[in-house]
2 protein chains.
Amino acid sequence: MTAPEQACPIAPVVDIVFSRWTTPILWTLNEYGTQRFVELERRIGTITAKVLTQRLRQLERDGLVVRTYHPEVPPRVEYEISELGRSLAPLFASLAEWSQHNLAKVEQARLRYDKKD
Amino acid sequence: MTAPEQACPIAPVVDIVFSRWTTPILWTLNEYGTQRFVELERRIGTITAKVLTQRLRQLERDGLVVRTYHPEVPPRVEYEISELGRSLAPLFASLAEWSQHNLAKVEQARLRYDKKD
DNA sequence: GATAGTAGGTACCTAGAGGAAAGTGACTAT
DNA sequence: ATAGTCACTTTCCTCTAGGTACCTACTATC
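Residues numbered from 1 in each chain as written. Chains lettered and ligands numbered in written order. Predicted model: local features only at pLDDT ≥ 70, side-chain atom pairs only at ≥ 80, totals over all residues. Heavy atoms only, no water.

Q: What is the right way to read the overall build of chain A from this model?
A: Along the backbone of chain A there are 6 helices and 3 strands. In sequence order, chain A lays out its α and β elements as α-α-β-α-α-β-β-α-α. For 117 residues, the compact-globule estimate of 2.2 N^0.38 gives 13 Å, and the C-alpha radius of gyration of chain A, at 18 Å, exceeds that figure by more than 25%. Here the C-alpha coordinates of chain A stretch approximately 60 × 35 × 25 Å along the principal axes. (Helix = DSSP H or I, 4+ residues; strand = E, 2+ residues; numbered from the N terminus. Rg over C-alpha atoms; globule rule 2.2 N^0.38 Å.)

Set out below in structure tokens:
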């Protein structure tokens, strides 16, 4: 299901970086630094523990997040953004800037489209 | 289903720009210029007509794509990227560059992760 | 009469993503 | 003895994105 985008050279990186929940997780880790599981869970708010686990595993596998397990009681696990993950920061900043300048235009386009017809 | 990401200021723009199939469509329109429906369909390859229609409508509604209908027989419809859509070009270029430098690192991280354990 | 091309629309069906809720294990605090 | 904490895991359920197949209207071609 990931194959179809041979027409687009950025498709693979989009799959990795912009799949569901990855940007809130990476953003939060980059913004607030190293965090434990429940901290992430609370800050992101509406994500369920199961999905958060899945996404963190995927991000760890892709090398964007570093997971450190401390075998204490109760267990403690810390997540931090990796160097590779941090290399996405300027990209995210560009996105935020585009958003600031152009999100309103998208809204206006939607209003126009929905009004007529 | 779009609400949960209040923790992340780029979440709205990610929803608009990086939802499924949008990058291949925008990329193709930007690369090859104005095109008809079947041209897009063939170039992207594995997309079905129904989904392509859905995505094009969404992109048109968001103001990223301009649709021009010529009431001839047989009907002719042309799609082109809008100015707002073109404003994404530098962003896509940054993504392509990140991809060139770091996609291999993601691959290596995956190999490491899958090997141990 | 049959077929193909054009740009879709519509109805039906299925696979998979994601949510809700409960369980786990080992220890601590009350 | 009970409840609570942490970081999940597991089971069950729902919902929707996307696929398949067929339909439209009109013309040209064989």
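Q: Could you clarify how one ought to interpret the relation of the copies chain A and chain B in this entry?
A: Note on the chain copies: they are related by a rotation about an axis and a translation along it. Each copy of the sequence occupies a distinct position, and chain A is placed on chain B by a rotation of 180° and an axial shift of 0.0 Å, giving an RMSD of 0.0 Å. The symmetry that links the two subunits is that of a two-fold axis. Scanning chain A for the C-alpha nearest the rotation axis identifies phenylalanine 18 of chain A, at a separation of 3.4 Å. Comparing interface residues between copies, 100% of those in chain A also lie at the interface in chain B; the contact surface is shared. (Least-squares fit on C-alpha atoms with pLDDT ≥ 70 in both. Contact = heavy atoms within 4.5 Å.)

Q: Teacher, can you tell me more about the packing of helix α3 (residues 37-44) of chain B against helix α4 (residues 49-61) of chain B here?
A: Geometry of a packed helix pair, given as the angle between the helix axes and the separation of the axes. Residue and element names in this part refer to chain B. At a minimum axis distance of 11 Å, the contact between α3 and α4 shows a crossing angle of 115°. When the axis of α3 is compared with that of α4, the two are roughly perpendicular. Both α3 and α4 take part in a crossing whose hand is right-handed. For the pair formed by α3 and α4, the contact residues are Phe37, Leu40 and Glu41 on the first element and Ala49, Leu52, Thr53 and Leu56 on the second. Looking at side-chain class alone, the contact of α3 with α4 contains 5 nonpolar, 1 polar and 1 charged residues. (Axes fitted to C-alpha atoms, helices over the stretch in contact; angles between N-to-C directions. Parallel < 35°, antiparallel > 145°, perpendicular 65-115°, else oblique. Left-handed = near helix turned anticlockwise from the far one by under 90°. Nonpolar A, V, L, I, M, F, W, Y, C, P; charged D, E, K, R; others polar.)

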